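Structure assessment
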Amino acid sequence: MFTHYRTQSLILKKTDQGETDRIFTVFTKDFGKMDLLAKAERKTASKLKGALENFYLSEIEFIQGKAYKTLTDAILIDDFKNLRKDLKKLQIAHKISELFDNLIKGEEPDPQIWQLLTETFNTLNTHNLKPKIYSLIYYHFLWNFLSVLGYQPEFYQCSVCQGKITPESIFFSPQEGGLICARCTISVKSAKQIDENTVKIIRLMLKKDLPTLKKLKIEDENLKQLSLISNFYLSETLEQAG
Ligand SMILES: [Zn+2]
């Protein structure tokens, strides 16, 4: 007899397999990231249908086979209706799914990532959210996701000399892992200047203060720099992660 495992999961990706099967990449509460085979899922009569779709939160049941883990049951918990009605929110969900693809290799439960992921989807699913806040929710996810995975950036002192940062001239270097003081930039290549407001926003993010972030009035200029610095750090991390 096979052991049947049950857990909550957020579906990140689906890939067709053979004639009628599908592989679902999910992040689960109890087992971390997994690929699960759904046999004959693309047939209309499949009993798994209705609970398996990208960005659904579902309770799933599976067995461990020789080559695959096979889904035996799926019950929908939340289909995040407001999220899937909005193309911009969906784009963020896809970007988050890519981050899992690129940065999480093994199967390992992680309560912090589970919490961050479900909180992010619940927040994105909020009705009447201002579009500018969408990006803040994404970057909040990104910085905390990288931190949990061991790429916690230094945002309080100089990453090189551990000295104080003066608000008038702050620099950021992904290679050094965080902020750089004006003196140390001389010896650090590829450091970008970063303004104080962006530093404050990223600090708020790393404090996991989503409620304050949701109320934040952010200027376009800051949003641009936030995006620049975040992507700068992400690309360096992806390179390190190989
Ligand atoms: Zn320094």
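Predicted model, so just to flag it, every value in this text is computed and none were measured.

**A short note on the UniProt feature "domain: DNA replication/recombination mediator RecO N-terminal" (unreviewed entry) in the chain**
Mapped onto the present numbering, the UniProt feature "domain: DNA replication/recombination mediator RecO N-terminal" (unreviewed entry) falls at residues 4–79. Between the C-alpha atoms that bound residues 4–79 there is a distance of 24 Å. The span itself is 0% helix and 62% strand.

**Focus: the sheet that holds strand β4 (residues 57–64)**
What links the strands of a sheet is backbone hydrogen bonding, and the strands pair in either a parallel or an antiparallel sense. Spatial ordering of the closed barrel is given by β1-β2-β3-β5-β4, a layout of 5 strands whose pairing is mixed. Within the sheet, the average angular offset between the axes of one strand and its neighbour, ignoring direction, is 50°. For strand β3 (residues 32–38) and strand β5 (residues 69–78), the ladder comprises 2 bridges, and the chain directions are parallel. Looking across to β5, one finds that L37 is bridged to T70. Packing of helix α3 (residues 111–124) onto the sheet brings it into contact with β1 (4–17), β2 (21–28) and β4, and relative to β1 it is tilted by some 65°.

**Examining the domain arrangement of the chain**
Along its sequence, the chain is carved into domain 1 (4–78) and domain 2 (81–241). Once you take the C-alpha centre of each, domain 1 and domain 2 turn out to be 30 Å apart. At the junction of the two partners, domain 1 supplies 12 residues and domain 2 supplies 14 residues. Of all elements in the fold, only β1 and β3 reach the threshold of two or more residues within the side of domain 1 that touches domain 2.

**Quick notes on the sheet that holds strand β8 (residues 192–194)**
One open sheet holds the 3 strands; their spatial order is β7-β6-β8, and the pairing between them is antiparallel. Both edges of this open sheet fall to β7 (178–181) and β8, since each of them pairs with a single strand only. Ignoring strand direction, the axes of neighbouring strands in this sheet form an average angle of 50°. Pairing geometry for strand β6 (residues 170–173) and β7, over 4 bridges, is antiparallel. By the bridge assignment for β7, I170 is matched with C181.

**Looking at the nonpolar core**
Of all hydrophobic cores here, the largest spans 55 residues; its most connected members are L10, I11, L52, L142, L179 and I180. When residues no more than four places from it in sequence are discounted, the contact partners of I180 are C158, S159, V160, F171, F172, S173, T185, V188 and A191.

**What about the environment of P211?**
Turning to its location among the elements, P211 is positioned in helix α6 (residues 210–215). For P211, a count of 8 C-beta atoms within 10 Å corresponds to the exposed category. Each C-alpha atom, one on P211 and one on F155, is 21 Å from the other, the two residues being 56 residues apart in sequence.

**Focus: the packing of helix α4 (residues 131–148) against helix α7 (residues 220–241)**
When two helices pack together, you describe them by how their axes are tilted relative to each other and by the distance separating the axes. Contact geometry of α4 with α7 gives a least axis separation of 11 Å together with a crossing angle of 30°. The orientation of α4 relative to α7 falls into the category roughly parallel. Where α4 crosses over α7, the handedness of that crossing is left-handed. Only L223, L226, S227, S230, L234 and T237 of α7 make contact with α4, whose side of the interface consists of K132, S135, Y139, L142 and L146.

**Side note on the pairing of β2**
Relative to β2, β1 runs antiparallel, the two being bridged by 8 bridges. By the bridge assignment for β2, Q17 is matched with D21. Once β1 ends, the chain turns through 3 residues before running back antiparallel as β2, passing G18 with a positive phi of about 60°. Relative to β3, β2 runs antiparallel, the two being bridged by 7 bridges. Along β3, the bridge assignment pairs F27 with K33. Linking two consecutive strands that pair antiparallel, namely β2 and β3, is a turn of 3 residues.

Conventions and cut-offs
Within every chain, residues take consecutive numbers counted from 1 along the sequence as written. Selection of residues for local features in this predicted model requires a pLDDT of at least 70, selection of side-chain atom pairs for listing and counting requires 80 or more, and totals for whole chains, interfaces and linings are taken over all residues. UniProt positions are given in the numbering used here, feature names are shortened, and annotations may be inferred rather than shown by experiment. A helix here means a DSSP run of H or I that spans at least four residues, while a strand means a run of E at least two residues long, and both kinds are numbered starting from the N terminus. A pair of strands is treated as paired once DSSP finds two or more bridges between them. To get an axis, a line is fitted to the C-alpha atoms, and for a helix only the part in contact is used. The angle between two axes follows their N-to-C directions and goes from 0 to 180 degrees. Note on contacts: each residue gets a C-beta atom placed from the backbone, and two residues are in contact if those atoms are within 7 Å. As used throughout, domain bounds are those supplied by an automatic or database domain assignment. Linking buried Ala, Val, Leu, Ile, Met, Phe, Trp, Tyr and Cys residues through C-beta atoms within 7 Å yields a set, and such a set is a nonpolar core. Residue burial here comes from a neighbour count, namely the number of other C-beta atoms, placed from the backbone, that lie within 10 Å of the residue's own C-beta, with 20 or more meaning buried, 12 or fewer meaning exposed, and in between meaning partly exposed. Any angle that falls under 35 degrees is termed roughly parallel, while one over 145 is termed roughly antiparallel, one within 65 to 115 roughly perpendicular, and all others oblique. Whether a crossing is left-handed or right-handed is set by the direction in which the near helix is turned from the far one by less than a right angle, anticlockwise for left-handed and clockwise for right-handed.

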